[in-house]
Amino acid sequence: MFAVPDNTLVIPENPALRHPVRVALEFAADRESWRHLLRYDPDERFSALVEQDDLQQIWLMSWLPGQHTDLHDHEFAAGAFTVVSGKLSETVARRASDGRAVTELHSLSEGQSRVFGPGYIHEVRNDGPDPAVSVHVYRHQPRAMRPYHLDPITGPIRD
């Protein structure tokens, strides 16, 4: 038998301490909470705000084959995204300490996540033959996208 002493307190979880990947994975797993919002748009990537509070916004996105974002950052927001179904690729662009352009390609499948912070420059795309769905968590600032273009010598330049 298990006994809990009378003076034991249950401390509620502080939502601010929950990692954004954990939040994205939980929402990805709870399909009933967002299934009614999901759409596929043949003309552009679809997105819908699932939930928001003072700390964060949670967005649902769908990607038909060939749909993508342009190179961008999320200004001062931090967060994460998780692939719910399908496959996405993320290209991260940055300037190395020696000043040269660096790009990194990350291929993501169902259940995989990526984390971003302020000034993190990337593009996301569905290069596969099947639709994809992802959940995105934005913290400390509403979802924003500042556009960039990639100079092959010096790296990303804000438009």
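What you are looking at is a predicted structure, and each value in this text was computed from that prediction instead of being measured.

A few points about helix α1 (residues 20-29)
No. 1: Those residues of α1 not exposed but buried are Pro20, Val21, Val23, Ala24, Phe27 and Ala28. Angular distribution of buried residues about the axis of α1 spans 160 degrees; they occupy a single face of the element.
No. 2: The secondary structure elements touched by the buried residues of α1 are β1 (46-52), β2 (56-63), β4 (78-85), β7 (113-116) and β9 (132-139).

Overview of the UniProt feature "binding site: Fe cation" (unreviewed entry) in the protein chain
No. 1: When the UniProt feature table is mapped to this numbering, "binding site: Fe cation" (unreviewed entry) covers His72, His74 and His122. In summary, the annotated positions, though distributed over 51 residues, converge in three dimensions, the widest C-alpha pair being only 9.3 Å.
No. 2: Here His72 is to be found in strand β3 (residues 72-73).
No. 3: Discounting chain neighbours no more than four positions away, the residues touching His72 are Tyr120, Ile121, His122, Glu123, Met145, Arg146, Pro147 and Tyr148.
No. 4: Secondary-structure assignment places His74 in the loop between β3 and β4.
No. 5: Among residues more than four places away in sequence, those in contact with His74 are Phe116, Tyr120, His122, Tyr138, Gln141, Ala144 and Met145.

Focus on the side chain of His122
No. 1: Along the chain, the position of His122 falls in strand β8 (residues 121-125).
No. 2: On the accessibility criterion, His122 (2% relative accessible area) is buried.
No. 3: Side-chain polar atoms of His122 contact the side chain of His74, separated by 3.3 Å.
No. 4: Reaching out from His122, the side chain makes a polar contact with the side chain of Glu90 at a distance of 2.7 Å.
No. 5: Here His122 is in contact with Thr69, Asp70, Leu71, His72, His74, Phe81, Glu90, Thr91 and Val92, once residues within four sequence places are set aside.

Some details on the packing of aromatic side chains
The description of an aromatic ring pair rests on the distance of the ring centres and on the angle between the ring planes.
No. 1: For the structure shown, the criterion picks out one aromatic pair.
No. 2: Plain terms: the ring middles of Phe116 and Tyr138 are 5.6 Å apart, the flat faces sit at 50 degrees to each other, and that makes the pair tilted. Of this pair, Phe116 sits in strand β7 while Tyr138 sits in strand β9, and the two are 22 residues apart along the sequence.
No. 3: Look at Tyr138 and you get buried, because its relative accessible area is 2%.
No. 4: Against the face of Trp59 rests Arg143, its NZ or CZ located 4.5 Å from the ring centre.
No. 5: Over the ring of Phe76 we find Arg146; its NZ or CZ atom is 5.8 Å from the centre of that ring.

Rules used in this analysis
Residues numbered from 1 in each chain as written. Predicted model: local features only at pLDDT ≥ 70, side-chain atom pairs only at ≥ 80, totals over all residues. Heavy atoms only, no water. Buried < 20%, exposed > 50% of the residue type's maximum accessible area, 1.4 Å probe, protein only. Helix = DSSP H or I, 4+ residues; strand = E, 2+ residues; numbered from the N terminus. Arc of directions from axis to C-beta. Contact = heavy atoms within 4.5 Å. UniProt positions renumbered as here; feature names shortened; annotations may be inferred. Polar contact = N/O pair within 3.5 Å; in protein donor to acceptor, adjacent residues only side chain to side chain. Phe/Tyr/Trp six-rings, centres within 6.5 Å; stacked < 30°, edge-to-face > 60°. Lys NZ or Arg CZ within 6 Å of the ring centre and 35° of its normal.

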